[in-house]
4 protein chains.
Amino acid sequence: MEILHTQSQDRRTALIQAACEVIAEKGLEGLRIRVVAARVGINPATMYYYFATKEDLIEGVLDHLFSTLGILSEEPAGTPREQLHAHLSRLSRRMRDDPGLFAVLSEMQLRAGRSFSISRFQEYEEKWHRKLENLLQTGIRQGFWPNYLDPDQVATTIILLMQGAALQTTTGIRRIDNSINQLERWLTGR
Amino acid sequence: MEILHTQSQDRRTALIQAACEVIAEKGLEGLRIRVVAARVGINPATMYYYFATKEDLIEGVLDHLFSTLGILSEEPAGTPREQLHAHLSRLSRRMRDDPGLFAVLSEMQLRAGRSFSISRFQEYEEKWHRKLENLLQTGIRQGFWPNYLDPDQVATTIILLMQGAALQTTTGIRRIDNSINQLERWLTGR
Amino acid sequence: MEILHTQSQDRRTALIQAACEVIAEKGLEGLRIRVVAARVGINPATMYYYFATKEDLIEGVLDHLFSTLGILSEEPAGTPREQLHAHLSRLSRRMRDDPGLFAVLSEMQLRAGRSFSISRFQEYEEKWHRKLENLLQTGIRQGFWPNYLDPDQVATTIILLMQGAALQTTTGIRRIDNSINQLERWLTGR
Amino acid sequence: MEILHTQSQDRRTALIQAACEVIAEKGLEGLRIRVVAARVGINPATMYYYFATKEDLIEGVLDHLFSTLGILSEEPAGTPREQLHAHLSRLSRRMRDDPGLFAVLSEMQLRAGRSFSISRFQEYEEKWHRKLENLLQTGIRQGFWPNYLDPDQVATTIILLMQGAALQTTTGIRRIDNSINQLERWLTGR
DNA sequence: AATGAATGAGAGTTCATTCAT
DNA sequence: AATGAATGAACTCTCATTCAT
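Report follows, based on the coordinates. (Residues numbered from 1 in each chain as written. Chains lettered and ligands numbered in written order. Predicted model: local features only at pLDDT ≥ 70, side-chain atom pairs only at ≥ 80, totals over all residues. Heavy atoms only, no water.)

**So, the protein's contact with DNA strand F**
Not every one of the 32 residues close to DNA strand F is listed here, only the nearest: Arg 11 and Tyr 50 of chain A, Arg 32 of chain B together with Tyr 49 and Tyr 50 of chain C. Near-protein atoms of DNA strand F (within 4 Å) split between backbone and bases, with sugar and phosphate holding 72%. Within the backbone of Leu 31 of chain D, an N or O atom sits 3.3 Å from a phosphate oxygen of DNA strand F. One nitrogen or oxygen atom from the side chain of Tyr 48 of chain D is found 2.8 Å from a phosphate oxygen belonging to DNA strand F. Taken together, the elements giving at least two residues each to the surface near DNA strand F come down to helix H1 (2–26) and helix H3 (44–50) of chain A, helix H2 (33–40) and helix H3 (44–50) of chain B, helix H3 (44–50) of chain C together with helix H2 (33–40) and helix H3 (44–50) of chain D. Looking at side-chain class alone, the surface near DNA strand F contains 17 nonpolar, seven polar and eight charged residues. (Near = heavy atom within 4 Å. Polar contact = N/O pair within 3.5 Å; in protein donor to acceptor, adjacent residues only side chain to side chain. Helix = DSSP H or I, 4+ residues; strand = E, 2+ residues; numbered from the N terminus. Nonpolar A, V, L, I, M, F, W, Y, C, P; charged D, E, K, R; others polar.)

**Description of the packing of aromatic side chains**
Enumeration according to the criterion identifies 14 aromatic pairs over all chains in this entry. Their ring planes at 10° and their centres at 5.5 Å tell us that Trp 186 of chain A and Trp 186 of chain B sit as a pair that is stacked. Pair noted here: Trp 186 of chain A is in helix H9 (residues 177–187) and Trp 186 of chain B is in helix H9 (residues 177–187), and the two residues belong to different chains. A relative accessible area of 5% means that Trp 186 of chain B is categorised as buried. Centroid distance Phe 66 of chain C to Phe 121 of chain C: 5.5 Å. Interplanar angle 70°. Geometry classified as edge-to-face. Of this pair, Phe 66 of chain C sits in helix H4 (residues 54–69) while Phe 121 of chain C sits in helix H7 (residues 121–141), and the two are 55 residues apart along the sequence. We note that Phe 66 of chain C, like Phe 121 of chain C, is buried. Each member of the aromatic cluster is reached from another via a ring pair, and the members are Phe 66, Phe 121 and Tyr 124 of chain A. The aromatic ring of Tyr 124 of chain B is capped on one face by Lys 127 of chain B, whose charged end is 5.7 Å from the ring centroid. (Phe/Tyr/Trp six-rings, centres within 6.5 Å; stacked < 30°, edge-to-face > 60°. Buried < 20%, exposed > 50% of the residue type's maximum accessible area, 1.4 Å probe, protein only. Lys NZ or Arg CZ within 6 Å of the ring centre and 35° of its normal.)

**Regarding the nonpolar core**
Leu 15, Leu 84 and Met 108 of chain A together with Leu 57, Leu 84 and Met 108 of chain B are the most contacted members of the largest nonpolar core, which totals 119 residues. Excluding residues that lie within four positions of it along the chain, Met 108 of chain A makes contacts with Leu 28, Ile 58, Val 61, Leu 62, Leu 65, Ile 118 and Phe 121 of chain A. Among the nonpolar cores identified, the runner-up in size contains 117 residues, and Leu 31 and Leu 149 of chain C together with Leu 62 and Trp 186 of chain D belong to it. (Core = buried A, V, L, I, M, F, W, Y, C linked by side-chain atoms within 4.5 Å. Contact = heavy atoms within 4.5 Å.)

**Quick look at the relation of the copies chain C and chain D**
Note on the identical chains: chain C maps onto chain D by a rotation of 179° and an axial translation of 0.0 Å, with an RMSD of 0.2 Å. The operation mapping one copy onto its partner corresponds to a two-fold rotation axis. Minimal C-alpha separation from the rotation axis in chain C is found for Gly 164 of chain C, amounting to 1.8 Å. Taken as a fraction of all interface residues of chain C, those also at the interface in chain D reach 100%, which identifies the copy contact as same-surface. (Least-squares fit on C-alpha atoms with pLDDT ≥ 70 in both.)

**Overview of the relation of the copies chain B and chain A**
Of the two same-sequence chains, chain B is brought onto chain A (RMSD 0.2 Å, axial shift 0.0 Å) by a rotation of 179°. Take the interface residues of chain B: 100% of them recur as interface residues in chain A, which is what a same-surface contact looks like.

**A look at the packing of helix H6 (residues 99–111) of chain A against helix H6 (residues 99–111) of chain B**
At their nearest, the axes of H6 of chain A and H6 of chain B sit 11 Å apart, and the two run at 155° to each other. Considering their axes alone, H6 of chain A and H6 of chain B lie roughly antiparallel with respect to each other. For the pair H6 of chain A and H6 of chain B, the crossing hand works out as left-handed. Between H6 of chain A and H6 of chain B, the residues in contact are Ser 106, Glu 107, Leu 110 and Arg 111 of chain A and Ser 106, Glu 107, Leu 110 and Arg 111 of chain B, respectively. Looking at the contact of H6 of chain A with H6 of chain B residue by residue, the class counts come to two nonpolar, two polar and four charged. (Axes fitted to C-alpha atoms, helices over the stretch in contact; angles between N-to-C directions. Parallel < 35°, antiparallel > 145°, perpendicular 65-115°, else oblique. Left-handed = near helix turned anticlockwise from the far one by under 90°.)

**Some remarks on the protein's contact with DNA strand E**
Surrounding DNA strand E, one finds 31 residues, the nearest of these being Tyr 49 and Tyr 50 of chain B, Arg 32 of chain C together with Arg 11 and Tyr 50 of chain D. The sugar and phosphate moieties of DNA strand E supply 75% of its atoms located within 4 Å of the protein. Ile 33 of chain C places a polar main-chain atom, nitrogen or oxygen, 3.4 Å from a phosphate oxygen of DNA strand E. When grouped by side-chain class, the residues that make up the surface near DNA strand E number 16 nonpolar, seven polar and eight charged.

**Considering the interface of chain C and chain D**
Think of interface size as the accessible area that goes away when the parts come together; that is how it is often given. Contacts between the two partners involve 47 residues from chain C, matched on the other side by 47 residues from chain D. With both sides pooled, the region where chain C packs onto chain D buries about 4100 Å², and carbon together with sulfur makes up 55% of that total. Counting every contact that joins chain C to chain D gives four salt bridges. Here Glu 107 of chain C and Arg 114 of chain D are joined by a salt bridge, their closest N and O atoms 2.3 Å apart. At the level of secondary structure, the elements contributing two or more residues to the side of chain C that touches chain D comprise helix H1 (2–26), helix H6 (99–111), H7, helix H8 (151–168) and helix H9 (177–187) of chain C. Top contributing element to the side of chain C that touches chain D by residue count: H8 of chain C, with 12 residues. Looking at the side of chain C that touches chain D residue by residue, the class counts come to 17 nonpolar, 18 polar and 12 charged. (Buried area = accessible area lost by both parts, 1.4 Å probe. Salt bridge = Lys/Arg side-chain N within 4 Å of Asp/Glu carboxyl O.)

**Topic: the pattern of salt bridges**
Overall, the coordinates contain 44 salt bridges over all chains when judged by the stated rule. Between Glu 21 of chain B and Arg 39 of chain B there is a salt bridge, with its nearest N and O atoms 2.9 Å apart. Within this pair, whereas Glu 21 of chain B is found in helix H1 (residues 2–26), its partner Arg 39 of chain B is found in helix H2, the two being separated by 18 residues in sequence. A relative accessible area of 38% places Glu 21 of chain B in the partly exposed class. Among the charged side chains, a salt-bridge network with shared partners connects Glu 29, Glu 107, Arg 111 and Arg 114 of chain A together with Glu 29, Glu 107, Arg 111 and Arg 114 of chain B.

**Things to note about the interface of chain B and chain A**
If you look at the interface, chain B gives 47 residues, while chain A gives 47 residues. At the boundary of chain B with chain A, total buried surface from both sides reaches about 4200 Å², with 55% on carbon and sulfur atoms. Our enumeration of links across chain B and chain A arrives at four salt bridges. At the boundary of chain B with chain A, the tally comes to 18 residue pairs in polar contact (both at pLDDT 80 or more). Going through the elements one at a time, H1, H6, helix H7 (121–141), helix H8 (151–168) and H9 of chain B are the ones with two or more residues in the side of chain B that touches chain A. Sort the elements by how many residues they give to the side of chain B that touches chain A and H8 of chain B lands first, with 12 residues.

**A look at the arrangement of the chains**
In this assembly chain A lies apart from chain C, the nearest approach of their C-alpha atoms being 13 Å. Regarding chain A and chain D, which are not in contact, the minimum distance between any of their C-alpha atoms is 22 Å.

Following this line, the structure appears as structure tokens:
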């Protein structure tokens, strides 16, 4: 019983994973049920046992994306500055090691305003923004960063920078690492 | 003859313009020959007189895009700092007034690594990078910015920031203005 | 053992009943195993324990239909005229109280010439015709109706009228009651 | 130009005709675009050039049906009794010569309450009813039929009878002719 | 220079049915 | 006696593209 449940979960996860890969390679517009099913080794019709529609599968990818990237997960203990650093360097490292995930992130962002099923993307992003804002606010109050910084503004800058970089993962030209370092130095007043 | 040629050009331009609008509204994956033709008021088959394939039309949009955005156009005379400021605030203003254009930019960037016809996008971007790099280098040499700045790095940061913001135009949440101002202050050492 | 058999029968009946309801609501072409099973509260696969195929289930509905309508059941004692009246007013009342049953009747009639599993419908109808014919013949012989009436012909008219009315149950516009009364008056010579 | 227009109309008509045949043979639930297209000798996709959806095609069949049956068309000049006779015997003859049309009629009637695209069927039927009612009313006023007859009631009876008979065309057992004759005799008081 | 008509390839989705457990 | 998981075959519909006129 437990095993069956686990197998079933596994297949769901496998489908999401496969869909994620396909999106990274071919874009959301290149996502085909047939291809996803083939990667998992099942009949296309079987996908509909796990997801009611293609849109549902994409929603699954959306959730998977944010939980895998760990954008919203708790940072390890430390000063706000250390926490921000941990956050940024984790994302930076991840972007180097698994650029596909960030390609998917861009795909989602681009459709967030157009597709209903992806519109939940914006909630995730809002949470991300608030997380960064809180971190910055706390850090400024505790004197880790100069108090002329506007937490909201800086949070926005960080997110724009990360998403600009994510957008580049498909071509793979620009690197985010240096920009991140630079930004951290700027924040602390060089 | 000359007149005919001009009319022909007009229609080509009209098709590109229409395609651009559709891409801004529905995304590249939502681009339909039928819809573009209808906007221009012609039969879909007629489009094939002006463009051999859909991809060709998209290439046309790509060229139109960069020339319209004026990313690569000469900046008005002034110090490097004034020129950079002019460049950034022009883009910033444009993004506010005509977000559709930047939505198209994101669409192109996202597919640049996947679609052959859009791969030329990267050349444009490369030119943009070099333009910024040169401007920064000159400015640093002339003492407008501190010399610990790395022109290449800063150029990258600017581009990432702009493209992150362009990506947001479909949802319209985050604004680039503040981030740009902040960046300029950081560059001059606050 | 006996109990199990009874339970088994119950479930068979429940499935037929559910199928009957679905056919009344959505038509035979709208009949889905999934939906029938859900109404009974079982897994679709379980249905195949009780019926070999969907067609078998439909055959079950066919039998259920005629036994429930009581078209072929013995009429209460009385003169032929009373018996015919009882027959017609019972059907007429039934049509008002449970139109769904007659909707199913129409569905069956319509497919009777096309689907093998429903072709048995015609045997039922033949029996109905004979029953009416006998009743009329006896009544005419006994002087309840004028002898210029052709029992076969009148039986046909009655059946056509009833089925025309059954066909209307899905829209629910025309009523059979008045037509029946009128017919009975005509039969007796006004 | 004129020729092209005619050809185009021809193909539309051919598609409707073919659809009509398929419905008569296999029922509305057995109607397949592929089959209809094949009968006309075109690619299935081409059907969508003439009809936006399958439903549209069915609506086309609905209109074709009533205009072909001539149910609502003007009757030749004559007394009301002659007109009614002409009407009924025309339908009766037609039912013998082209039973398929009446099979389609039944198919439509059966779905009239369920399918939006077929719901217009009821408007046609309402017109039919009014036509008969008027005819009967005039005839009664002019003394062709006894004045104890209720035009509305008789009109209903006629329609039910015809539709009951139409429903039988798929099996082809019962004949409407005798019932019609009988009815006409009854109307005139034998 | 323009178009009406046509099409091939392929998309997502549905459903009766099967089978191991 | 029951079910979760799986599937093959079919369905409607879309779209870039072609071609005779």
